[in-house]
Amino acid sequence: MSTQAYEITPKDKNFIGWHLAVAIIALAIGSLFGPLQAFEHAGWDLYKYLNPLIKSYYQGLTLHGVLNALVWTTFFITGFLTFTVIYGFKRPLKYPTLNLIGFLLMVVGLVLAAIPILLNEATVLFTFYPPMKANWAFYVGLTLVVVGSWVEGWGFFYTYAAWRKENPGVRTPFIAFGSIITMLLWQIATIGIAVDMLTMLIPWSLGLLPGVDPQLSRTYFWFTGHPLVYFWLLPAYISWYAMLPKQVGGKMFSDSLARFAFWLFLILSVPLGFHHQYVDPGVPPAWKFIHAMLTFSVFFPSMLTAFTVVASLEYGARQNGGKGMFGWMRALPWSNPSVAAQLLAGLLFFFGGIGGLANASYNVNLVLHNTAFVPGHFHLTVGTGVTLTFIGISYWLIPYLTGKKLWQPKWAVAQAWLWFVGMIIFSNSMHILGLLGAPRRTPLNLAPYIPAEWNSRLFQVGIGGAILFVSGAIYLTVVAATFWSKQPATEKVEVPVAEALQDPALGPAWLDRWTPWVVATLALIVLAYGPMLFDLIKNIALTSPGFRVW
Amino acid sequence: MSAQEKMHVDRYERNWMVASAILLVLFATAVSIAAFGMGIQVPAPEQRVDPRTVASDPNSPWSNPGIREVVAGEKYDVYILAKTWQYLPAEISIPAGASVTFYVTSMDVQHGFKIQDTNVNFQVVPGQVSKLTVKFTKAGTYNFICTEYCGAAHAAMAGKIVVSP
C-alpha cells in the first residue's frame, strides 16, 4: 500500500466538514440531555426547570437517543467514510453530485424528524415501538436520513468501481475497503427498517392503515437494530486497525486478518437480531436460540480485532523504546489527544464487549432484559468505544480539514480522560442497578418500587453524568475554538494511514473478491430470518390502532 | 497477486484465535445446559388475541383478569391485563411453594413485565400473550414492574405478589 500523501480538494474538505458540523451539533444537543437523565436518577430533577420548552424526561430521552445514537453517528460516519474513500482510493468521488444529494436528503430528513420531537409530538424514544404513534413527519424524516445515507453509499460504490477500472488487479487499499464494507452492511441491514417504515409505520401515521402489527414491527426493527451497531463500530475499527497504529509510530500487524474480520462482520452482523427479542412472546425459542449461537459467532471477529489492534499498538510502542510485558503501554503517545481518546475508548469497549456477551446469552438475558444493565452496556460500546473514538478522530481530522491548529491539545487530552472516568462511574453503577432489577429508560425517582439499597448507586449515576457533562463541554469548546481560531496550523496535518507489516498484495486473493461473500451474507440472512418473517407476514394482524400516551 | 497465496497468521495470533473459539463454545455450552438441562426457558408463542377486544370480550380471560386455582396450594394460573399505566390486577396473593403461570397481554401499547428477584421478565406486546412459569419458594412480597417505556406515567406502573408462608 502506497502511503504517499494525497491532497483532498478544498471542495471535498468542505463537504466532509459539513457532515462533521451536523454530527457535532447533534452530539452537543443530544448530550445535553444525557446528564439530565443521570441527574434524575440521583434525585436532582432539572427537567422541571425546562418546562415548557422540554415537556418531560421522556422527551429529553427521545432527543438524547435520536440525536446521539442515530444522528451523531450517521452524519459522522458518512463524513468520515467520504474521507476514507477519497483518501484511500486517492481519487475524487466519481459522482460528487450524487453524494451531495444524499447529504441534503439526510439534512432534510433530520429537520423533518426534529420538528415533531421538539414539539413533543414524537416522544417515542429512538426505538419508536408501535403502537405508540408519533407525528408522521418523525417517521418520514428518519426514513429520509436512511435513504440519504444509502445514496451517499451508492456514491462510494461508483467511486470504487471507477477506481477498480483504473487499477485492475490491485489490492483494494484497506481504509477504502473497510469503508465499502461498512456501507454495504448498512444497505443490507436497513432493509428491515425500510420495510417497516414504508409498509406499516408511514401509511399508518398518515391514516392510510387502520393499525399496525407490533410484533412484526419489532422484528423488522431489530433486523436493522443490531447490525446498526456494526455500522457504528466498523468506522471506529477502520481507525483502530489502520490509522491508530500510524499515530503511535507503528504498523498494521496483520492486513489479511483485518480484512478477514471485516468480511465476517458483513456476514454475521445481520442474522442475529432475535437476541434483542429473547423475551418477545411472538418468536419461537428455537429461532431465538439459533440467533443466540450466531451472536456468539460474531464475537469471534471482535476477538480478532482485539488481538490485531493491540499487537499493532505494542509493535509501535516497542519501536519507540517501550519495554516489558505491560510496560510498553507507557511508551504510547498519551499526550496526543487523538491517541489518548482512542486508546481509552478501546479499553472501555473491551468491557462493553464482555457485558454484551451476557446480554447475548439467551436465558441469562431474562435477568437483564430492559434493565439499566442495557444502557450501562451500550454507553461503553456506542457511547464510548464508538463516540470517544470519533472524538479522537476529529482531533486530527478537524485540523486537517480546516487547516487550523488544534486548540489546547492538553484540554483535549483531559476531555478524553474525563469521558473515561465519568463513563466508568456511570456505567458501572448502571450495570449493578440493572442486576438489582432497576428498569432502563425510567425516571426512577417517580417509581414506587425503589429499595433504599439502590440509592448509593443512583447517586453514582448522577456523578458519572456530571463528569461526562464537563467532558462534553470541553470537547465542544476545543472544536469551536479550533474552528474559529485565527491561528493556522504551523505544520501540515499528516493523515495517519499505517503501512502493514506484510505487503497486503501478498495476502490471499479471496480477500478481495466480493461475490462469494455477498452471496453468503444474503443466504445466511434468508436462512436465519426467512421462515420467521414469512410466518409473521402471513399472519399479519393490523389490530393495533395508534396511541399518544405521553 | 496470486490466488495460491496462503493467509499469513502469526503464531500468537493463531493461539489467540483458537482460545477465542474455545471460549465461545464454552459460553454456548453453558447457555445450552441452562436452557435444556436446567429448563430455564424464554417465552414461546402462546396465542394471539385482538388487543381491541381482549379486555371486553366475555370469552377472553382478560375480561376478568386475576388468579385461577388449578391445584389448590400447588398450581395457579394468573391472567394479567397490562394497560396505560397499570396492571389488572395489581396485587396477587399466593401460597409459598406454588407454581404460578403468568399470562400477560396488553390492550394498548407495549409494556414490560418483570417480577423482581425471579427469572420472570418479558415484553408485553399487544396482539400476543406472554407466558412464563415461576415457583415462589420463599414467602414475601415481590414487586412486578413495567420495564418498557409506555408513556407519561410509565414509572408508576407496578404491582405486587404477596407470597404467604
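Residues numbered from 1 in each chain as written. Chains lettered and ligands numbered in written order. Predicted model: local features only at pLDDT ≥ 70, side-chain atom pairs only at ≥ 80, totals over all residues. Heavy atoms only, no water.

Before going further, it helps to spend a moment on the packing of aromatic side chains. Residue and element names in this part refer to chain A. Tallied over the full model, the rule gives 66 aromatic pairs over all chains. Look at Y139 and W204: their rings are 6.4 Å apart centre to centre, the planes differ by 55 degrees, and that puts the pair in the tilted class. Note that Y139 is positioned in helix α5 (residues 136–166) and W204 in helix α7 (residues 191–205), a separation of 65 residues in sequence. Judged by its relative accessible area of 0%, Y139 is buried. If you follow R259 out to its NZ or CZ, it ends over the ring of F177, 5.0 Å from the centre. (Phe/Tyr/Trp six-rings, centres within 6.5 Å; stacked < 30°, edge-to-face > 60°. Helix = DSSP H or I, 4+ residues; strand = E, 2+ residues; numbered from the N terminus. Buried < 20%, exposed > 50% of the residue type's maximum accessible area, 1.4 Å probe, protein only. Lys NZ or Arg CZ within 6 Å of the ring centre and 35° of its normal.)

For the structure shown, the criterion picks out 14 salt bridges over all chains. The salt bridge involving K131 of chain B is made with E46 of chain B; its shortest N-O contact spans 3.7 Å. You can see K131 of chain B sitting in strand β8 (residues 130–135) and its partner E46 of chain B sitting in the loop between α1 (11–37) and β1 (66–71), a full 85 residues away along the chain. Residue classification places E46 of chain B among the partly exposed positions, given a relative accessible area of 33%. What emerges from the salt-bridge pattern is a single network uniting E7, K13 and K492 of chain A. (Salt bridge = Lys/Arg side-chain N within 4 Å of Asp/Glu carboxyl O.)

The next subject is the nonpolar core. Taken as a class, soluble globular proteins show a tendency for nonpolar side chains to be buried jointly. Among the nonpolar cores identified, the biggest contains 228 residues, and F83, F128 and F138 of chain A together with F102, F113, F136 and I161 of chain B are the most heavily contacted of them. In terms of residues, this core owes the most to one element, helix α3 (residues 57–89) of chain A, which gives 20 residues. Split by domain, the residues of this core number at least three in each of domain 1 (1–40) and domain 2 (44–164) of chain B. Not counting residues up to four positions away in its chain, the partners in contact with I161 of chain B are I92, I94, F102, I115, F136, G140, T141, Y142 and F144 of chain B. (Core = buried A, V, L, I, M, F, W, Y, C linked by side-chain atoms within 4.5 Å. Domains from an automatic or database assignment. Contact = heavy atoms within 4.5 Å.)

What follows deals with the packing of helix α15 (residues 409–436) of chain A against helix α16 (residues 455–483) of chain A. All names here are of chain A. Where α15 meets α16, the axes come as close as 8 Å, and the angle between the chain directions of the two elements is 155 degrees. As far as their axial angle goes, α16 and α15 are roughly antiparallel. The crossing of α15 and α16 is left-handed. Residue classes in the contact of α15 with α16 are distributed as 20 nonpolar, eight polar and one charged. (Axes fitted to C-alpha atoms, helices over the stretch in contact; angles between N-to-C directions. Parallel < 35°, antiparallel > 145°, perpendicular 65-115°, else oblique. Left-handed = near helix turned anticlockwise from the far one by under 90°. Nonpolar A, V, L, I, M, F, W, Y, C, P; charged D, E, K, R; others polar.)

Limitation: the analysis is restricted to geometry and does not speak to function.
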